[in-house]
Amino acid sequence: MAAAAGVLTEWVDVWDEPQQVPQEELIAVLAALLQRPLDTEQQVVEAYRDLTESNRKVEPVLVAWDGRFPAITVGDNIRTVALVTEDGTEVPDRVDEQGLAVVERLPLGYHRLTVGDETAVVIAAPERAHPAPGRELGVLAPVYSMRSAQHDTGIGNFGHLRQLADMALVSGASVVGTLPLVATFPDQPSPYAPASRRAWNEILVDMQAAPAWEGTVPDGDADPLWVDYDDAGRSIRAEIASYAMHIRDMPQLQDQIKLFATANPEILSYAEYRAKCDEHGRDWRVWSGRTTAPPHRVLYHLTGQWLAASQLSALSETLRARSQYLYLDLPIGCHPDGYDIWDQADLYAAASVGAPPDSLFLGGQDWGLPAPIPHRSRDDGHSAYIKAVRHQLTVAGLLRIDHVMGLHRSWWVPHGNRATQGAYVMQPAEEMFAIVCLESHRAGAAVVGENLGTVPPPITEALDRHGLLGMKVAQDGLEEPTEHELIALSTHDTPPFAAWWLGNDIDDAQELGVYEEGRAESARSDRADTIEYLQHLFGSKGLADTRDAILDWMAASRAAIAIVNLDDLWEEQRRQNIPGTDAERPNWRARHQTSMDDLVADTSLRARLENLMDRRAGIGAE
């Protein structure tokens, strides 16, 4: 039954040890996947019969790589099939003597195939995604961390992101990266548990750049170390609400918002959903059929989305015009109360996605994000995933797919289970990669697959086959990256280099109970040995000297892109995120030590980036 449902009963962990899924946990995963109880033998027998006795003539989704229609058998009683392309054109077709559907090469796009009374989506996609840039240098920083020298609002905005791009340009860096910019709930700051993957985070808009803005800016009493989402978020949301009311008497701006809503009908649906959340609470499961969306809150959310989309589109166009890439990040899922789940609730199981135990998280990980059911997603033509990818690519010149392994298989944790009590559920990987390749091609944007952690061989093969960049993190080991990889010194899920050097992450792990004292001491000893090895390898002395040596090594490597996290340059010790924690640590709140204005004027920082760019170009490289 597990085999028929695509649930793995065995898998190999990060230590290359085979693991067997216990029967109780296997049944729990199957029950969540099939959305039916499996408490008795009869229920299991009936579920197995339903799984294995499908009478479909054609799969619900087919992939036509480079437009080559796959050979499919439609049966003896059907002699024609109907295929209509995305633009409504009928494609000549026939069925030969063996019952094989024969169709000419298709244009790229999402097409509709009809066989008898069944329909299928045909994804005609290029086999390879849009080409990735080569030997580029990038800088990365979370937008929420950025700050102004004066009139600090307590959180960064898209105007600061433009300043980062300008600073990068002067230094020769072409990639400008940040963490996800998707919508969040007011009390959920994590950009990886968004309220929607199809909308932007309105509290990051630059209100001073809003047309006809007449508001005021806070006078600079914000916390200099941590983002206070209650205070900063409340202030910015109030400013957007006031702005929305203010421009009701400005026909030209009202027309722009109306055109935006007309061109983006889902944004209007999202605005109405969020307005209902504001009025009735975000647990949509308890809403009644009479739940209404207050018009003034609809207008607020619509205005916030219009401002965010306008500012990001303008930034994206500017970067593209000067051969820079806006590097965005697509989270793996959506908050369980989010718009995406509410919009297509039947696509999701009573389980969340996560990760099995590995060297960093011995207790496994439960991310709390609802698990999409593969067969239901296929029946729907994967519309939810298409929308999520396409939304990012409206502005991104380079897109990182968080936990790309999820396109091949997902670790499911049934509700009520611990993170270790799950199993891998196989995904329709070919179809998912076809969507990524097609959307990448249409947007003219390259894709990076975040392949850190437990990576099955098929993912490595798929990244290579479809032209996606993989990732390496220098802090995890100085393995030479290939020209098909992006390399970074640290990520948002690892400690900044200074914190790693000082062993702060080990102290954290011990304090949180992840490491017992013996393991913590062993980890400190191993870290000291690694640091000694690095200093010997590079002939460096101390933290800053060794960091600079590693950055130079990254820049001179064959990697397609070398990314520099700003936190590493000024020896930040606070982490952006400690995976597996929520209330225990102030995740997604650490602010920059220096304002963007001062960063732009910092000649030493510019010189450091220019030196790295020279090494990227091969000047002075050994």
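Position labels on residues start from 1 in each chain and follow its written sequence. Local features in this predicted model are restricted to residues whose pLDDT is 70 or higher, and side-chain atom pairs enter the listing and the counts only when it is 80 or higher, whereas totals over whole chains, interfaces and linings include all residues. Side-chain calculation: all heavy atoms of the structure are included, whereas hydrogens and water are not.

Asker: Any chance you could explain the packing of aromatic side chains here in plain terms?
Answerer: Each aromatic pair joins two rings of Phe, Tyr and Trp (for Trp, the six-membered one) with centres within 6.5 Å, and gets the label stacked for planes under 30 degrees apart, edge-to-face for over 60, and tilted for any other angle. The tally for this structure, following the rule as stated, stands at 11 aromatic pairs. For the pair W11 and W411, a centre-to-centre distance of 5.2 Å together with 70 degrees between the ring planes defines the contact as edge-to-face. Of this pair, W11 sits in strand 1 (residues 10–12) while W411 sits in strand 19 (residues 409–414), placing them 400 residues apart in sequence. By the burial criterion, W11 is buried, and W411 matches it. With a centroid separation of 5.6 Å and 85 degrees between ring planes, the pair formed by W11 and Y424 is classed as edge-to-face. A residue pair is termed long-range when its members are at least 10 positions apart, and W11 in strand 1 and Y424 in strand 20 (residues 423–426) qualify at 413 residues. Each of the two residues, W11 as well as Y424, counts as buried. Connected via pairs of aromatic rings, a cluster forms that spans Y270, Y273, W287, Y339 and W342. For R282, the ring lying beneath its charged end belongs to F185, and the centroid distance is 4.7 Å. When the ring centre of Y424 is taken as origin, the NZ or CZ atom of R409, which lies over that ring, is 3.8 Å away. Numbered from the N terminus, helices here are DSSP runs of H or I no shorter than four residues, and strands are runs of E no shorter than two. Under the scheme applied here, a residue whose accessible area is under 20% of the maximum for its type counts as buried, over 50% as exposed, and between as partly exposed, the area being computed with a 1.4 Å probe on protein chains only. Criterion for a charge above a ring: Arg CZ or Lys NZ at most 6 Å from the ring centre, at most 35 degrees from the ring normal.

Asker: Would you mind showing me how to read helix 4 (residues 158–171) here?
Answerer: Side chains of residues three or four places apart in an α-helix project in the same direction, reflecting 3.6 residues per turn. To estimate how far a helix should extend, the number of its residues minus one is multiplied by 1.5 Å. Between its terminal C-alpha atoms helix 4 stretches 20 Å, which fits the 20 Å expected from 14 residues at 1.5 Å a residue. Looking only at helix 4, the buried set comprises F158, G159, H160, L161, L164, A165, M167, A168 and S171. Distance and chemistry together define a polar contact, namely a pair of N or O atoms within 3.5 Å, with one atom able to donate a hydrogen and the other to accept it when in protein, and with adjacent residues in sequence counting only for side-chain atoms on both sides. Where helix 4 begins, one side-chain oxygen reaches toward the backbone nitrogen of G159, 2.8 Å away; that side chain belongs to N157. Just beyond helix 4, the residue with positive phi is G172, at close to 95 degrees.

Asker: Is there a simple way to explain the packing of helix 16 (residues 517–538) against helix 17 (residues 542–556) in this structure?
Answerer: How two helices sit against one another is set out by the angle between their axes and by the gap between those axes. With their axes 10 Å apart at the nearest point, helix 16 and helix 17 run at an angle of 65 degrees to one another. Remark: the crossing between helix 16 and helix 17 carries left-handed chirality. For the pair formed by helix 16 and helix 17, the contact residues are L534, Q535 and F538 on the first element and G542, T546, A549, I550 and W553 on the second. Its residues assigned to classes, the contact of helix 16 with helix 17 shows five nonpolar, three polar and no charged. Whenever a helix is involved, its axis is fitted only over the stretch in contact; in every case the axis is a line through C-alpha atoms, and angles between N-to-C directions fall within 0 to 180 degrees. If you view the pair so one helix is near and one far, a crossing is left-handed when the near helix is turned anticlockwise from the far one by less than a right angle, and right-handed when it is turned clockwise. Should any heavy atoms of two residues lie within 4.5 Å, those residues are counted as being in contact. Note on residue categories: nonpolar means Ala, Val, Leu, Ile, Met, Phe, Trp, Tyr, Cys or Pro, charged means Asp, Glu, Lys or Arg, and polar means any other residue, Gly included.

Asker: Help me understand the side chain of H466, please; the structure alone is not making it clear to me.
Answerer: When you line up the elements, H466 lands in helix 13 (residues 457–466). The exposure class of H466 is buried, given its relative accessible area of 2%. A polar contact of 2.6 Å, which involves the side chain of H466, links it to the backbone oxygen of E127. Apart from the residues within four sequence positions on either side, H466 is in contact with W65, E127, R128, A129, F433 and C437.

Asker: Mind showing me how you'd approach unusual backbone geometry here?
Answerer: Excluding glycine, residues mostly carry a negative phi; peptide bonds, for their part, are mostly trans. Positive phi, normally seen in glycine, also occurs at Q35, with a value near 55 degrees. Looking at the secondary structure, you find Q35 in the loop between helix 2 (23–34) and helix 3 (41–52). A positive phi angle, close to 55 degrees, is found at H382, a residue other than glycine. Mapped onto the fold, H382 is located in the loop between helix 10 (374–379) and helix 11 (383–393). Residue H382 is classed as buried on the basis of its relative accessible area of 1%.

Asker: Is there a simple way to think about the sheet that holds strand 17 (residues 365–372) in this case?
Answerer: The pairing of strands in a sheet comes from backbone hydrogen bonds and takes either a parallel or an antiparallel form. Judged by pairing direction, the sheet is antiparallel, and its four strands sit side by side in the order 17-16-19-20 without closing on themselves. Every interior strand has two partners, whereas the edge strands, strand 17 and strand 20, have only one. For this sheet, the mean inter-axis angle between neighbouring strands, taken without regard to orientation, is 50 degrees. Sheet topology places strand 16 (residues 348–355) next to strand 17; five bridges connect them, and they run antiparallel. In this scheme, strands are said to pair when DSSP sees at least two bridges between them.

Asker: Explain the environment of Y327 to me, please; I cannot follow it from the model alone.
Answerer: On the secondary structure map, Y327 appears in strand 15 (residues 325–330). Contact partners of Y327, with chain neighbours within four places excluded, come to L140, V175, V176, G177, T178, L398, L399, R400, V448, L486 and I563.

Asker: I would appreciate a short explanation of the environment of T594 in the present structure.
Answerer: For T594, the position within the fold is in the loop between helix 18 (566–569) and helix 19 (596–601). You can call T594 partly exposed: its relative accessible area is 25%. Residues T594 and M146 lie 448 residues apart in sequence; the distance between their C-alpha atoms is 8.3 Å. Filtering out sequence-adjacent residues up to four positions away, T594 remains in contact with R147 and L599.

Asker: Just to check I follow, could you spell out the pattern of salt bridges for this structure?
Answerer: Two side chains with opposite charge may pair up if their charged atoms get near one another. Criterion for a salt bridge: a side-chain nitrogen of Lys or Arg within 4 Å of a carboxyl oxygen of Asp or Glu. Scanning all chains against the criterion turns up 39 salt bridges. A salt bridge links R297 to D278; the nearest nitrogen and oxygen atoms lie 2.9 Å apart. Taken together, the positions of R297 in helix 8 (residues 295–321) and D278 in helix 7 (residues 265–280) put the pair 19 residues apart, joining distant regions of the chain. Its salt-bridge partner being E511, residue R585 comes within 3.5 Å of it at the nearest N-O pair.

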